[in-house]
Amino acid sequence: MNAIGPALPLAIGRLDPDGRLVEAETRLYELNDRAGGLIGGPLAVPQIATLARLSQRLGIAISRNVIAADGEDDLELWVRAEPDRGGVRLEVSGWRPRPVWRAPGTESDRDGDFFRSSADWLWETDASLRITFLSIEAGARYGFDSSAMLGQPLTRLFSLAHDDAGNLPILTAVAAQTRFDRQQAELRGTGRMVRLGATPRTDAGGRFAGFVGAAHMLDPTPPPPKIDAPVPAPAAPFGGFPNSFSQRLDRALRGPLGKIIANADSINAQTEGPLKPDYAEYAGDIANAGRHLLGLVDDLVDLQAIERDDFTTSAEPIDLADVARRAGGLLAVRAAQGEVRIDKPAMDETVPVTGEFRRALQVLVNLIGNAVRYSPQGGMVWIRLERDGDMGCVIVADQGKGIAPEDQQRIFEKFGRVDPNEPGGSGLGLYIARRLARAMGGDLTVDSALGMGARFVFTLPWRDA
């Protein structure tokens with residue numbers, strides 16, 4: 001048992017620009033010493049070191065509650081990290097001992113821990129409990145429009161039910177900013193019941209930022225469809241596979257991959273208790289590999305869809321500038337991880353065009369994602385807007401190695417890749433993106449040269465506002 005008590009005052013320390021502990025008051029010094037660190041060496045308490053790196057990278061002060069291991073005990077600390085003279089100034093208070101985390105030992109505990117792994121579908125909200133993500137297959141399977149629900153209050157999709165004590169577990173969890181897994185609700189418009197669970201997430205300042213959640217259908221098997229007459233076997237336009245192949249592939253792989261990704265992300269975030277850092281990193285690698293496979297499934301499903309003779313897109317009034325800003329925002333985390341900056345259009349810029357919002361967003365996410373992938377560290381991806389006659393244009397330019405003129409047609413071919421040995425996607429992204437652009441009455445072109453980066457131009461028909 002350590003000798004640190006809950007009433008001990010503030011302990012101050014400072015890190016140099018390389019994350020080395022150069023000053024520390026007694027209590028912080030002793031905690032770092034017990035963790036194997038020394039003055040002049042890297043800070044040895046991972047939770048505090050992570051917060052310090054985040055503060056230094058963002059250039060802002062961050063305060064957060066952390067749990068740090070201290071011998072056989074855990075300590076609950078309140079840490080404030082603030083950039084200072086090129087390094088970081090630390091203020092550590094609290095020093096409250098708490099029971100060390102143990103692996104769950106009861107059946108009810110295990111049920112909560114594996115709630116997401118057994119879920120039928122996944123959802124996320126922002127701090128206002130507005131929906132920011134729904135598993136793409138959920139709506140089609142359970143009778144609602146997933147895309148229409150984005151941005152709507154969670155109660156637009158669910159009618160929440162009180163528990164035996166007359167409480168709503170989700171509201172209790174919001175107030176306490178804790179996880180919950182016993183919220184029952186009715187899926188509006190279907191009469192079907194679902195059990196919800198979620199883990200809270202926080203922003204860079206330690207404030208509540210919403211929930212990452214899961215849904216478990218309490219009546220998971222929909223009634224079989226009524227069949228009045230035999231249905232003829234579908235044609236097989238795609239590689240000899242029937243038209244239903246992509247749907248079967250999607251159902252067979254998306255659910256298991258989604259659960260793998262969700263659980264790996266939870267392990268990586270250490271939501272259920274501290275882990276060895278290398279284990280958390282392994283979980284992050286697993287989640288990224290799962291996302292790569294899920295992207296391949298998406299590409300194959302889209303490929304079969306766009307090659308059908310009856311494939312069409314919706315003609316909606318959309319703002320291509322808004323779509324470009326949203327696509328850039330979706331890729332902000334990936335860009336930050338690669339130390340690449342995305343220069344998005346200004347909020348007052350507009351490009352009124354006609355197209356399908358979801359498909360236009362898909363095209364731009366592909367273009368910006370490729371630009372981020374092939375940009376060097378410290379590079380920039382530019383997103384610019386133009387009008388060219390009766391077409392609205394989004395230009396995505398990068399500082400990558402560029403594309404030789406003889407390869408510029410090949411990148412738009414099915415499974416076409418300039419260097420098959422280079423890490424990357426399936427070779428379907430640009431093929432699908434161009435097919436979608438042309439289906440909406442626009443086009444997708446490239447202008448590039450070796451060593452000069454690449455410039456992709458996505459156009460859609462201009463719409464007079």
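Bear in mind the structure is a predicted one, so any value in this text is a computation, not a measurement.

**Student:** Break down helix 1 (residues 26-34) for me, citing the residues and quoting the values.
**Tutor:** Taken as a whole, helix 1 has its buried residues at Leu28, Leu31 and Asn32. Considered in projection along helix 1, the buried side chains sweep an arc of 95° and stay on one side of the axis. Immediately beyond the C-terminal end of helix 1, within one or two residues, lies Gly36, with a positive phi of roughly 95°.

**Student:** Can you explain the packing of aromatic side chains? Please cite residues and give values.
**Tutor:** Counting across every chain of the model gives three aromatic pairs. Between Phe208 and Phe211, the aromatic rings sit 5.2 Å apart at their centres with planes inclined by 70°, giving edge-to-face as the arrangement. Taking the relative accessible area as the measure of exposure, Phe208 reaches 14% and is therefore buried. Given the relative accessible area of 0%, Phe211 is considered buried. Consider the rings of Phe412 and Phe456, whose centres lie 6.3 Å apart with planes at 70°: the pair is edge-to-face. Of this pair, Phe412 sits in the loop between strand 16 (391-397) and helix 13 (429-439) while Phe456 sits in strand 18 (residues 454-461), and the two are 44 residues apart along the sequence. Residues Phe412 and Phe456 agree in their burial class; the two are buried. In this structure, Arg434 packs its charged tip against the face of Phe412, placed 3.7 Å from the ring centre.

**Student:** An account of the confidence of the model for the protein chain is needed here, citing residue identities and associated values.
**Tutor:** Where the model shows low pLDDT, its predicted coordinates should not be examined in detail. For the protein chain, mean pLDDT is 78; residues scoring 70 or higher make up 75% of the total. Scored below 50 in pLDDT, residues 101-114 makes 15 contacts in the model with residues more than four places away or belonging to other chains.

**Student:** I'd like a rundown of the sheet that holds strand 8 (residues 158-160), residues and numbers included.
**Tutor:** Note on sheets: strands pair through backbone hydrogen bonds, and any given pair is parallel or antiparallel. The sheet built from six strands is open, its strands ordered 7-6-11-10-9-8 with antiparallel pairing. In this open sheet, the two strands that pair with only one neighbour each are strand 7 (131-134) and strand 8. Across the sheet, the mean angle separating the axes of adjacent strands is 35° when strand polarity is ignored. Bridge count between strand 6 (residues 121-125) and strand 11 (residues 208-217): four bridges; the pairing is antiparallel. When the bridges of strand 11 are listed, Trp123 appears paired with Gly213. The strands touched by helix 7 (residues 169-176) are strand 8, strand 9 (180-187) and strand 11; relative to strand 9, the strand with the most contacts, the crossing angle is about 135°.

**Student:** Quick rundown of the sheet that holds strand 13 (residues 341-343)? Include the residues and the values.
**Tutor:** Strand order across the open sheet formed by five strands is 13-15-16-18-17, with mixed pairing between neighbours. Since the sheet does not close on itself, it has two edges, and those belong to strand 13 and strand 17 (443-448), each with one partner. Adjacent strand axes in the sheet meet at a mean angle of 20°, parallel and antiparallel pairs treated alike. Pairing geometry for strand 16 and strand 18, over seven bridges, is antiparallel. Of the residues in strand 18, the one forming a bridge with Ala397 is Arg455. Here helix 10 (residues 320-330) sits on the sheet and contacts strand 13, strand 15 (380-388), strand 16 and strand 18; the angle it forms with strand 16, its principal contact strand, is near 20°. Helix 13 contacts strand 17 and strand 18 of the sheet and is inclined by roughly 130° relative to strand 17.

Basis of the calculations
- Residues numbered from 1 in each chain as written.
- Predicted model: local features only at pLDDT ≥ 70, side-chain atom pairs only at ≥ 80, totals over all residues.
- Heavy atoms only, no water.
- Buried < 20%, exposed > 50% of the residue type's maximum accessible area, 1.4 Å probe, protein only.
- Helix = DSSP H or I, 4+ residues; strand = E, 2+ residues; numbered from the N terminus.
- Arc of directions from axis to C-beta.
- Phe/Tyr/Trp six-rings, centres within 6.5 Å; stacked < 30°, edge-to-face > 60°.
- Lys NZ or Arg CZ within 6 Å of the ring centre and 35° of its normal.
- pLDDT = per-residue confidence, 0-100.
- Contact = heavy atoms within 4.5 Å.
- Pairing = 2+ DSSP bridges.
- Axes fitted to C-alpha atoms, helices over the stretch in contact; angles between N-to-C directions.

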